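# Structural overview
The lines below spell out each chain.
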Amino acid sequence: DGGITQSPKYLFRKEGQNVTLSCEQNLNHDAMYWYRQDPGQGLRLIYYSQIVNDFQKGDIAEGYSVSREKKESFPLTVTSAQKNPTAFYLCASSLRGSTGELFFGEGSRLTVL
Amino acid sequence: AQSVTQLDSHVSVSEGTPVLLRCNYSSSYSPSLFWYVQHPNKGLQLLLKYTSAATLVKGINGFEAEFKKSETSFHLTKPSAHMSDAAEYFCVVSDGTTSGTYKYIFGTGTRLKVLA
C-alpha cells in the first residue's frame with residue numbers, strides 16, 4: 001500500500017540532544033513537508049521541499065534542519081537550539097505544482113525530559 | 001494573503017443530530033479547499049476537497065461541504081452525527097504563490113464532541 005511512514009512514533013530526548021525524525025513515502029510525490037502541531041494552534045510549517053536536493057524554510061524553521069537526498073525521504077532533525085521541542089510532528093507529501101491534497105503520516109510525538 | 005478561520009474551537013452535538021463546522025477563508029487566487037479529520041495521536045485524513053468543480057462536495061463518512069464564493073465560506077456538514085465522528089477537524093486552503101509553488105494554510109481546528 002502506498003503511504004507515508006514516520007518513525008519513531010514516540011521519542012524521548014534529554015535537553016541538549018539532537019534528535020532525527022524519519023519520514024519515508026512511496027507515493028512518488030515530489031513535494032514533502034514537515035509540520036509541528038501544538039494544542040490549540042493547528043499545524044505550523046517547519047520546512048518543505050519541492051524537489052530532491054532543494055528545500056525551503058517554513059514559518060517556524062529555527063532550531064530545525066532537514067535534508068532531501070532522495071525523493072522518498074525527508075528526515076527532520078530537531079536540534080538543541082530548538083527552545084521548546086516537545087510537540088507532535090507530522091510529515092506530509094503532495095504532487096508538486098498542484099493544488100491536490102496533502103497525504104499525512106501518523107506522526108511522531110517528541111517529549112523533552 | 002491567504003488565511004483560514006474556523007469559527008468554533010469546540011462543537012458538541014448529540015448522536016443522531018446534524019453537524020455543522022464552520023470555515024471562512026481568504027485567498028488572493030482561486031483556491032482549493034480541504035477538510036481533514038484527526039483522531040487523537042494520529043495523522044490527518046482527508047474528508048473532502050474542493051478544486052473548482054461542483055460547489056457542493058461530498059466526502060467520506062457522510063460528510064459534505066459547500067463552497068460559497070460570495071461568502072468566502074466552506075462549511076462542513078453531516079446530517080446525523082455518529083459517536084465515531086468525535087475528533088478534531090481542520091479546514092485548509094491551498095493556492096499558488098508568486099514563486100510558482102503552492103502553500104497550504106491550516107485553520108486552528110474544531111474539536112467535535114458527540115454526546116450519547
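To start, this report covers the structure provided alongside it. Small disclaimer: the values here were computed from a predicted structure and weren't measured.

Turning our attention to the pairing of strand β8 (residues 64-68) of chain B. Residues and elements named next belong to chain B. By the alternation rule, side chains of β8 split into A65 and F67, which are all buried, and E64, E66 and K68, of which none is buried. Here strand β7 (residues 56-58) runs beside β8; their pairing, made up of three bridges, is antiparallel. Among the inter-strand pairings, L56 is bridged to a residue of β8, identified as E66. One ladder, built from five bridges, connects β8 with strand β9 (residues 73-78); its direction is antiparallel. Bridge pairing links A65 to L76 in β9.

Before going further, it helps to examine the nonpolar core. Grouped together as the largest cluster of nonpolar side chains are 27 residues, with contacts concentrated most on W35, L48, L76 and Y89 of chain B. Here this core gets four residues from one element, more than from any other, and that element is strand β10 (residues 87-96) of chain B. For L76 of chain B, the contacting residues outside a window of four places in its chain are V19, L20, L21, W35, L47, L48, F63, E64, A65 and Y89 of chain B. Listed in part, the 19 residues of the second largest apolar core include I4, C23, I46 and Y47 of chain A.

Quick look at the environment of T17 of chain B now. Residue and element names in this part refer to chain B. Looking at where T17 falls in the secondary structure, it is placed in the loop between β2 (10-14) and β3 (19-21). The partly exposed category is assigned to T17, whose relative accessible area is 29%. Along the sequence, T17 and A116 sit 99 residues apart, while their C-alpha atoms lie 11 Å from each other. When near neighbours in sequence (up to four residues on either side) are disregarded, T17 contacts P79, S80 and A81.

On to unusual backbone geometry. Comment: phi is negative for the bulk of residues other than glycine, and the bulk of peptide bonds are trans. Residues and elements named next belong to chain A. Here the amide bond leading from S7 into P8 is cis, since omega sits at -5 degrees, within 30 degrees of zero. Relative to the elements of secondary structure, P8 occurs in the loop between β1 (4-7) and β2 (10-13). Of note in the backbone geometry, N28 takes a positive phi value of approximately 65 degrees without being a glycine. Relative to the helices and strands, N28 resides in the loop between β3 (19-25) and β4 (31-37). Phi is positive for N53, which is not a glycine, with a value near 65 degrees.

Right, let's get into the layout of surface pockets. Gaps between atoms show up when a probe of the same size as a water molecule is rolled over them. There is about 340 Å³ of room inside the largest pocket. In this structure, the largest pocket is lined by 19 residues; those nearest its centre are Q37, P39 and G40 of chain A together with E88 and R111 of chain B. Counted by class, the lining of the largest pocket contains four nonpolar, 11 polar and four charged residues.

About the cut-offs
- Residues numbered from 1 in each chain as written.
- Chains lettered and ligands numbered in written order.
- Predicted model: local features only at pLDDT ≥ 70, side-chain atom pairs only at ≥ 80, totals over all residues.
- Heavy atoms only, no water.
- Buried < 20%, exposed > 50% of the residue type's maximum accessible area, 1.4 Å probe, protein only.
- Helix = DSSP H or I, 4+ residues; strand = E, 2+ residues; numbered from the N terminus.
- Pairing = 2+ DSSP bridges.
- Core = buried A, V, L, I, M, F, W, Y, C linked by side-chain atoms within 4.5 Å.
- Contact = heavy atoms within 4.5 Å.
- 1 Å grid on protein atoms, 1.4 Å probe; cavity = no way out; pocket = protein on both sides within 12 Å on 5 of 7 lines; lining within 4 Å.
- Points joined across faces, edges and corners; volume = space filled by probe spheres on them.
- Nonpolar A, V, L, I, M, F, W, Y, C, P; charged D, E, K, R; others polar.

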